[in-house]
Amino acid sequence: MAHVKYVSATRVYAKDAPPAVDALDLDIRDGEFMVLVGPSGSGKTTALRMLAGLEPLDGGRIEIGDKDVTFVPPKDRDIAMVFQNYALYPQKSVADNMGFALKMQHVPRDERDRRVREAARLLDLDDKLLERKPKQLSGGQRQRVAMGRAIVREPKVFLMDEPLSNLDAKLRVQTRSQIAELQRRLGITTVYVTHDQVEAMTMGNRVAVLSGGKLQQCDTPRQLYDNPVNQFVAGFIGSPAMNLQTVPLTGDGAELAGATLPLPAAVRSAAQQAGLRELVLGIRPEHMHLANGAGELAGEVMLVEELGADALLHVRLTQGGASVVARAEGRKPPGPGQRVTFHVQPDDVFAFHPVTGARLAG
Amino acid sequence: MTAVAARAQRAREPRPGRVREMSGKVGWGIVAWVVAIAFFLPVLWMVLTAFKPESAAETWPPKFTFSPTLAEFRLVFSGWGPYVTHSLVATVGSTILVLLLGVPASYALSVHPVGHWRDGLFFFISTKMLPIVAAIGPLYVIALKAHLLDSIWLLIILYTAMNLPLAIWMIRSFMLEVPSELLEAARLDGAGRIREMTGVIMPVISPGLVSTALICVIFAWNELFLALNLTVTNAATMPMFLISSVPQEGLYIAHLSAAATVASVPVILVGWIAQRSLVRGLAMGAIK
Amino acid sequence: MAVVETGAAPPSTVQIRPHEASRGERWQRRLPLLPALIYTVIVTQIPFLVTLWYSFQSYFWNTPAPAHFNGVSNYKTVFTNPEFRSALVRSVLMTVSAVILAMLLGVAFAVLLDRKFLGQGVVRTLIITPFLVMPAAAALIWAGPMLDPNFGLLNYLLQPFGVHHIAWLSTHALGSVIVVMVWQWTPFMTLIVLAGLQSQPPDVLEAAKVDGAGAMATFRELTMPHLRPYIELGVLLGSIYLVNVFDAVRLMTNGGPGTATTNLPFYLYTQVNNAFDIGGAAATGVVTVILTIIVATFALRMFARVFQFEGAAS
């Protein structure tokens, strides 16, 4: 168990291309479950592989515990990794797969068998599966064997590269909580990569959002949701996504679909200092409250997605024609074609710089 | 120095691990080159000796520098006429026949298989396993009685039978690689068996057909045993030409080298140029 | 709205139609196969049947007497003839050593070729070439310019190691022939093993790295098991071709010195060419075929995995 540090870690592939990972600074505490999330190409997998030692660093360093492991080969870093496609050894039995690393460490056979059996029990892997080969297992079983292979090693750090992406939806939800539970029990520092922000939010102690090789924000899920530091994080975290619109500034606030939404003084002065005439407004769907004709934003319902407990309304605002999504009660949502109005609390409105995307004041 | 500039400079310098990486790669490359050249040496020596005058070909120590001459090549080219013609006819003829027979047969053993396709495939392979040498005496007698002795047609017939099993094995494996969705889409579009074959399968497997044809060409061109025993002059092929370049007495090494070079170069060149195709055919066709 | 019932569904009353290809369909499938099948049967089986026929005859070309039936006397001769037995043993020896050596070299070369380095394509081209060289040419070039005691390149290259004008084809005839066989077939083994090496999934190799396996351990524990079917295939196919090698024997040593390099194919050749004994050659041929079938059946059973024919489409 140890803490992990990325210090200005950089990886460049082609000489004149932008870095795949650009000066990443990340402090992961001992025993923490840290999720690296971002769209494809964001550098999250590369960053994980740099920690594993499977990608070299072109700049900066990586520390595990208090040791600088930048030039240490993977096998000496005391880490274990779960690969996206599991990467199980095809010709070895499940037991041999899980015990392989221990065999490389010259751990005696009975100790090896004991630890393998223990890990198998922890993961609900039946004893008779131990002698089977990977190709005789189901996808879910293979995933557990991949996890078992990592657990058996009792490493300092767990690395997981999108381990749930090959499972069907139901199994994914089930396994998600199992992994989180397991990590809590074992207490091993875990770095987990995913492109699914729902996974990130539900599993991580903290979540690092990456885009274009750069770290956007690293915070608890709650903080990321309530206090996104820029437009990218605001739009990436939360499902359905936050409504984002470029709107002009007026005297007291910003003008959206004919209505003036008041902005706090701090935001207004920040905008003024930056010399802005317009900015990007962000409003989460659940903050658009149906107002029975009395709301300041008016529009027509184009499409209703009924989810059972709630409904998502795709609305086209009358003035200006902007499209927004609003969350409504599931029981009797307005139907398509219906005219509706919304009210938004001033506190629920986010403002972002139209060019840099940075959050204005707040 | 600003942080940005420092970062830029670090990106330009090779990182410490990289030097060790590069020298490892270079070392490996050197070993590979040495091994390859050593392995290739006999071929190199053959070609080199072909340019020697006979007096320089049988010396001790062997000569690496000498004044090259085309005399032996001229001799070879003045004599090779009928032989190379026969080789070309036998090779091209048998390869065409192999493809004509083999493509439909492979089709019947892969895409729309017959009932006992496993047995059919096994039958073809088994003919390859039986040594042709076993039947050479009776074969001679049959050829004699059928007036096919010393006939190029005999060679075409026999070479086709020789290469057909291998061709079927290879073409079949290439046909199995055609994605079934493609075939299903064609069927939905109303394609019958023939359209399916010409419109979908042939285009997709054409690289595989090329590599199969290449392998047939190699084996047919290089074949000695049947040519030696069943031909005399009217159908004598390049391997026979090569043997004839070894006289009972007298110096012959340079002449032999020239003949060997000329005899081997066509297939070597074809193999080099179509290397990727050949490798793929050999490895893939063999594996499946 | 349909009512959903729990419990077992009532037995189906729909007639299940037997699913069988119609006669027309079956013949439509057979048709493309027929030309190749008929051709092969005629060209390969007729000679074999004639061989069988002649094996029971006494038929010599150097006498005016016509062929006449002599029962199994040819077969008796085959089994009692020490020359046949020694040719058989020698064939096995030559094939086994050539296959093993070619495969060992093949694995080594494949490992060499599996990395990236400058001029990788050229190196591979050089390594494949021996396979492309006409076997007759290879035999004559090795016999003359390479191995000759007086002007051969090999003797020259081995001088610093204390070798003096060895007449390879006299004193080490069998070895020399095997060397040429290995030289020509190593590329074949190399390519098959290389295909195996390149089909290893890269993430499995990375997992081994993370699990603490060094290069040797990875090769031993993961790569070799993965290569096994490829190696078996190479050995099987190589053996089929190598057991029938004729060119090198005929052109390098003519079976000699004496019968030191006579293998089965060459022995059969001498029976026809030197002894003009068609009957005897036929019997030897039939025995050879039967032996081949026995060995092949064993080999196929041992390497059953290799022959798991992929399931065909519909």
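Residues numbered from 1 in each chain as written. Chains lettered and ligands numbered in written order. Predicted model: local features only at pLDDT ≥ 70, side-chain atom pairs only at ≥ 80, totals over all residues.

Engineer: Now, about the interface of chain A and chain C: what can you tell me, with residues and values included?
Structural biologist: The interface is formed by 16 residues belonging to chain A together with 13 residues belonging to chain C. Looking at the side of chain A that touches chain C residue by residue, the classes come out as twelve nonpolar, three polar and one charged. (Contact = placed C-beta atoms within 7 Å. Nonpolar A, V, L, I, M, F, W, Y, C, P; charged D, E, K, R; others polar.)

Engineer: Tell me what's going on with helix H13 (residues 253–273) of chain B, and back it up with residues and numbers.
Structural biologist: Residues and elements named next belong to chain B. If you check H13, its first and last C-alpha atoms are 29 Å apart, about what 21 residues at 1.5 Å a residue would give, namely 30 Å. By the largest-angle criterion, Val265 marks the main kink of H13, which is about 40 degrees, and a proline, Pro266, follows within four residues. Within H13, 15 of the 21 residues are buried, which leaves it mostly tucked inside the rest of the structure. (Helix = DSSP H or I, 4+ residues; strand = E, 2+ residues; numbered from the N terminus. Expected span 1.5 Å × (residues − 1). Bend = angle between axes of the 7 residues up to and from the residue. Buried ≥ 20, exposed ≤ 12 C-beta atoms within 10 Å, placed from the backbone.)

Engineer: Can you explain the interface of chain C and chain B? Please cite residues and give values.
Structural biologist: Counting from both sides, the interface comprises 73 residues of chain C and, opposite them, 86 residues of chain B. Tallying contributions element by element places helix H2 (residues 33–55) of chain C first for the side of chain C that touches chain B, with 13 residues. Taken together, the residues of the side of chain C that touches chain B sort by class into 53 nonpolar, 14 polar and six charged.

Engineer: Give me the lowdown on unusual backbone geometry, citing residues and values where you can.
Structural biologist: All names here are of chain A. Geometrically, the link from Ser239 to Pro240 is a cis peptide bond, its omega value of 0 degrees lying close to zero. Here Pro240 is to be found in the loop between helix H8 (231–236) and strand E11 (243–248). Residue Asp124 is not a glycine yet carries a positive backbone phi of 65 degrees. Its place among the elements puts Asp124 in the loop between helix H3 (109–122) and helix H4 (139–151). Not every positive phi belongs to a glycine, and Glu154 is a case in point at roughly 45 degrees. Here Glu154 is to be found in the loop between H4 and strand E7 (157–161).

Engineer: Just give me the short version of the pairing of strand E19 (residues 339–343) of chain A, but keep the residues and values in it.
Structural biologist: All names here are of chain A. Residues of E19 alternate between two faces, with Val340 and Phe342 buried on one and Arg339, Thr341 and His343 left unburied on the opposite face. When strand E15 (residues 289–290) meets E19, the two strands line up antiparallel, connected through two bridges. Bridge pairing in E19 links Leu290 to Phe342. As paired strands, strand E16 (residues 297–306) and E19 are joined by four bridges and run antiparallel to one another. (Pairing = 2+ DSSP bridges.)

Engineer: Go over the sheet that holds strand E10 (residues 214–219) of chain A with me, naming the residues and quoting the values.
Structural biologist: Residues and elements named next belong to chain A. Here we have six strands laid out as an open sheet, ordered E6-E7-E8-E3-E9-E10, and mixed in their pairing. In this open sheet, the two strands that pair with only one neighbour each are strand E6 (79–82) and E10. With direction set aside, neighbouring strand axes in the sheet form an average angle of 20 degrees. As judged from the five bridges shared by strand E9 (residues 206–211) and E10, these two strands associate in the antiparallel manner. Residue pairing across strands places Val207 opposite Asp219, the latter belonging to E10. Across the sheet, H4 touches E6 and E7, and the angle it forms with E6 is around 175 degrees. (Axes fitted to C-alpha atoms, helices over the stretch in contact; angles between N-to-C directions.)

Engineer: Tell me about the confidence of the model for chain B, residues and numbers included.
Structural biologist: Per-chain confidence: chain B averages 85 in pLDDT, with 90% of residues scoring 70 or above. Of all the helices and strands in chain B, helix H1 (residues 3–12) of chain B carries the lowest mean pLDDT, 54, while helix H5 (residues 81–108) of chain B carries the highest, 94. (pLDDT = per-residue confidence, 0-100.)

Engineer: Quick rundown of the packing of H5 of chain B against helix H10 (residues 193–222) of chain B? Include the residues and the values.
Structural biologist: Residue and element names in this part refer to chain B. Following both chains from N to C, one finds H5 and H10 inclined at 140 degrees, their axes separated by 9 Å at the closest point. On the basis of their axis angle, the class for H5 and H10 is oblique. Where H5 crosses over H10, the two elements pack in a sense that is right-handed. Each of Ser87, Ala90, Thr91, Ser94, Thr95, Val98, Leu99 and Tyr107 in H5 lies in contact with H10, whose residues at this interface are Met197, Leu209, Ala213, Cys216, Val217, Ala220 and Trp221. Taken together, the residues that form the contact of H5 with H10 break down as eleven nonpolar, four polar and no charged. (Parallel < 35°, antiparallel > 145°, perpendicular 65-115°, else oblique. Left-handed = near helix turned anticlockwise from the far one by under 90°.)

Engineer: Provide a residue-level description of the domain arrangement of chain A, including the pertinent values.
Structural biologist: Residues and elements named next belong to chain A. Domain parsing of chain A yields domain 1 (4–236) and domain 2 (243–352). Computed from C-alpha coordinates alone, the two centres of domain 1 and domain 2 are separated by 39 Å. Contacts between domain 1 and domain 2 engage four residues on the former and five residues on the latter. The residue inventory of the side of domain 1 that touches domain 2, partitioned by class, reads one nonpolar, three polar and no charged. (Domains from an automatic or database assignment.)

Engineer: I'd like a description of the nonpolar core, backed by residues and values.
Structural biologist: Side chains that are nonpolar tend, in soluble globular proteins, to be buried together. Counting 166 residues, the largest nonpolar core has Leu242 of chain B together with Ala137, Ala139, Leu140, Val180, Met181 and Met252 of chain C as its most contacted members. Top contributing element to this core by residue count: helix H8 (residues 152–176) of chain B, with 17 residues. Counting the residues that make up this core, at least three belong to each of domain 1 (50–80 + 275–305) and domain 2 (82–267) of chain C. Other than its neighbours up to four places away in sequence, Met252 of chain C contacts Ala139, Trp142, Ala143, Leu169, Ser176, Val177 and Val180 of chain C. The next biggest cluster of nonpolar side chains, apart from the first, holds 107 residues, and it includes Ala95, Ala120, Leu263 and Leu297 of chain A. (Core = buried A, V, L, I, M, F, W, Y, C linked by C-beta atoms within 7 Å.)

Engineer: Give me helix H6 (residues 117–129) of chain B: which residues, what numbers.
Structural biologist: Residues and elements named next belong to chain B. For H6, spanning 13 residues, the distance from its first C-alpha to its last is 19 Å, which sits close to the expected 18 Å at 1.5 Å a residue. Within H6, burial applies to Gly120, Leu121, Phe124 and Lys128. The buried residues of H6 occupy one face: seen down the axis, they fall within an arc of 100 degrees. (Arc of directions from axis to C-beta.)

Engineer: Tell me about the sheet that holds strand E14 (residues 278–283) of chain A, residues and numbers included.
Structural biologist: Residue and element names in this part refer to chain A. One open sheet accounts for three strands, arranged E11-E14-E20; its pairing is antiparallel. The outermost strands of the open sheet, each flanked by one partner alone, are E11 and strand E20 (350–352). Each neighbouring strand pair of the sheet contributes to a mean axis angle of 30 degrees, computed without reference to strand direction. Two strands pair when backbone bridges link them, and E11 and E14 are joined in this way by six bridges, in the antiparallel orientation. Each bridged residue has a counterpart across the sheet, and for Thr246 the counterpart in E14 is Val280.

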